[in-house]
Amino acid sequence: MTWIAFGVTWGTVRTITHGIRGGWLPWGNISAGGRHLHHYNIGIGTLAGVGIIAVRGDERAVGHPAVAAAYGAGTALIADEFALLLDLQDVYWTQQGRLSVDVSLGILSALGAYLTAIPFWHECARVTRHHIASATRRNLMVTG
């Protein structure tokens, strides 16, 4: 769920920002008190909310798919403006802003590879436990 939410949010935000910049969307940037609010602000707020749920410790809430989706969406909002946070300058539409795209695609790739490989890692763990248990039993029989 986190991976899907990250990918969908990142793609949606990229489309919206291009639409705002290109003038083909009917709305503009979000601002408060004359200050432009970047979408990483919303991402930080989202992750703070997820953190509150995690700290609360309610197992039903912590494991809920909506929490995983919120985490993925919040992370995507932050990763999409990674270059801005790194340079503390609005470089979203410059060559330096390309770093945000690279980081976001890297996160998507790593999460996708991890999720794809879960059965492999589970099998490795199962085989390793089996080998350790067998070796332990053999050692106990030899010394016992």
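The numbering scheme is per chain: residues are counted from 1 as the chain's sequence reads. Local features in this predicted model are restricted to residues whose pLDDT is 70 or higher, and side-chain atom pairs enter the listing and the counts only when it is 80 or higher, whereas totals over whole chains, interfaces and linings include all residues. Side-chain numbers here rest on the full set of heavy atoms in the structure, without hydrogens or water.

## Some details on the side chain of serine 104
Okay, so step 1: The topology assignment puts serine 104 in helix α6 (residues 98-143).
Okay, so step 2: Once you skip the residues sitting within four places of it in the chain, serine 104 turns out to touch Phe6, Trp10, Ala79 and Asp80. Secondary structure elements are taken from DSSP: a helix is a run of H or I of four residues or more, a strand is a run of E of two residues or more, and numbering for both begins at the N terminus. Any two residues whose heavy atoms approach within 4.5 Å at even a single point are treated as in contact.

## Thoughts on the environment of threonine 116
Okay, so step 1: On the secondary structure map, threonine 116 appears in helix α6.
Okay, so step 2: Polar contact is defined as a pair of N or O atoms within 3.5 Å, subject to the rule that within protein one atom must be able to donate a hydrogen and the other to accept it, and that residues adjacent in sequence are counted only when both atoms are side-chain atoms. Among the polar contacts listed, one links the side chain of threonine 116 to the backbone oxygen of glycine 112, at a separation of 2.7 Å.

## Examining the layout of surface pockets
Okay, so step 1: Cavity: a set of points on a 1 Å grid over the protein atoms alone where a 1.4 Å probe fits but cannot get out. Pocket: an open set with protein on both sides within 12 Å along at least five of seven lines, its lining residues, like those of a cavity, having an atom within 4 Å of a point. Grid points are joined across faces, edges and corners, and a volume is the space filled by probe spheres set on the points. What the largest pocket holds in volume is close to 410 Å³.
Okay, so step 2: If you trace the largest pocket, you find 19 residues lining it, with Thr17, Ile20, Asn29, His36 and His39 closest to the centre.
Okay, so step 3: If you list the elements that add at least two residues to the lining of the largest pocket, you get α1 (2-22) and α2 (39-56).
Okay, so step 4: The residue makeup of the lining of the largest pocket, split by class, is ten nonpolar, six polar and three charged. Throughout, the ten residues Ala, Val, Leu, Ile, Met, Phe, Trp, Tyr, Cys and Pro are labelled nonpolar, Asp, Glu, Lys and Arg are labelled charged, and all others, Gly among them, are labelled polar.

## Describing the packing of aromatic side chains
Okay, so step 1: Ring pairs shown here join Phe, Tyr and Trp side chains whose ring centres sit within 6.5 Å, with only the six-membered ring taken for Trp; geometry is labelled stacked below 30 degrees between planes, edge-to-face above 60, and tilted in between. In total, this model carries one aromatic pair according to the counting rule given.
Okay, so step 2: For the ring pair phenylalanine 120 and tryptophan 121, a centre distance of 4.8 Å and an interplane angle of 70 degrees mean the geometry is edge-to-face.

## Some details on the packing of α2 against helix α4 (residues 65-79)
Okay, so step 1: Only C-alpha atoms enter the line fits that serve as axes; for helices the fit covers just the stretch in contact. Angles between N-to-C directions range over 0 to 180 degrees. Viewed as axis vectors pointing N to C, α2 and α4 meet at an angle of 150 degrees, and their least axial separation amounts to 7 Å. It follows that α2 is roughly antiparallel to α4 by the angle criterion. Where α2 crosses over α4, the two elements pack in a sense that is left-handed. Residues His39, Tyr40, Ile42, Gly43, Ile44, Thr46, Leu47, Val50 and Ile53 of α2 touch α4, and the partners they reach there are Val67, Ala70, Tyr71, Gly74, Thr75, Leu77 and Ile78. Small angles under 35 degrees read as roughly parallel and large ones over 145 as roughly antiparallel, with 65 to 115 read as roughly perpendicular and the rest as oblique. Helix crossings fall into two classes, left-handed where the near helix is turned counterclockwise from the far one by less than a right angle and right-handed where it is turned clockwise.

## Observations concerning the side chain of threonine 75
Okay, so step 1: Secondary-structure assignment places threonine 75 in helix α4.
Okay, so step 2: When neighbours within four sequence positions are excluded, threonine 75 is seen to be in contact with Phe6 and Leu47.

## Digging into the pattern of salt bridges
Okay, so step 1: By definition, a salt bridge exists where a carboxyl oxygen of Asp or Glu is found within 4 Å of a side-chain nitrogen of Lys or Arg. The tally for this structure, following the rule as stated, stands at three salt bridges.
Okay, so step 2: Note that arginine 98 is salt-bridged to aspartate 102, the shortest N-O span being 3.1 Å. Residue arginine 98 and its partner aspartate 102 are located together in helix α6, separated by four residues, close to a single helical turn.
Okay, so step 3: Only protein chains enter the accessibility calculation, which uses a 1.4 Å probe; a residue whose area is less than 20% of its type maximum is buried, one above 50% is exposed, and one in between is partly exposed. According to the relative accessible area criterion, arginine 98 is partly exposed, its value standing at 42%.
Okay, so step 4: Taking the relative accessible area as the measure of exposure, aspartate 102 reaches 40% and is therefore partly exposed.
Okay, so step 5: Between glutamate 123 and arginine 126 there is a salt bridge, with its nearest N and O atoms 2.7 Å apart. One end of the pair, glutamate 123, and the other, arginine 126, are both in helix α6, three residues apart, so they sit about a helical turn from each other.

## Focus: the nonpolar core
Okay, so step 1: Phe6, Trp10, Ala76, Ala79, Val101 and Leu108 form the largest nonpolar core, which has six residues in total.
Okay, so step 2: If you list the elements that add at least two residues to this core, you get α1, α4 and α6.
Okay, so step 3: Residues in contact with leucine 108, not counting those within four places in the same chain, are Trp3, Phe6, Gly7 and Trp10. Only buried residues count toward a nonpolar core. Its members are Ala, Val, Leu, Ile, Met, Phe, Trp, Tyr and Cys residues joined through side-chain atoms within 4.5 Å.

## Remarks on α2
Okay, so step 1: Helices are assigned an expected span. That span is 1.5 Å times one less than the residue count. With 18 residues, α2 extends 26 Å between its outermost C-alpha atoms, agreeing within 8% with the 26 Å of an ideal straight helix rising 1.5 Å per residue.
Okay, so step 2: Where α2 is concerned, the buried positions are His39, Tyr40, Gly43 and Val50. With its buried residues spanning 95 degrees around the axis, α2 presents them on a single face. Exposed side of α2, more than 90 degrees from the buried face: Ile52, Val55 and Arg56 are the residues found there. It is the directions from the helix axis to the C-beta atoms whose arc is reported.

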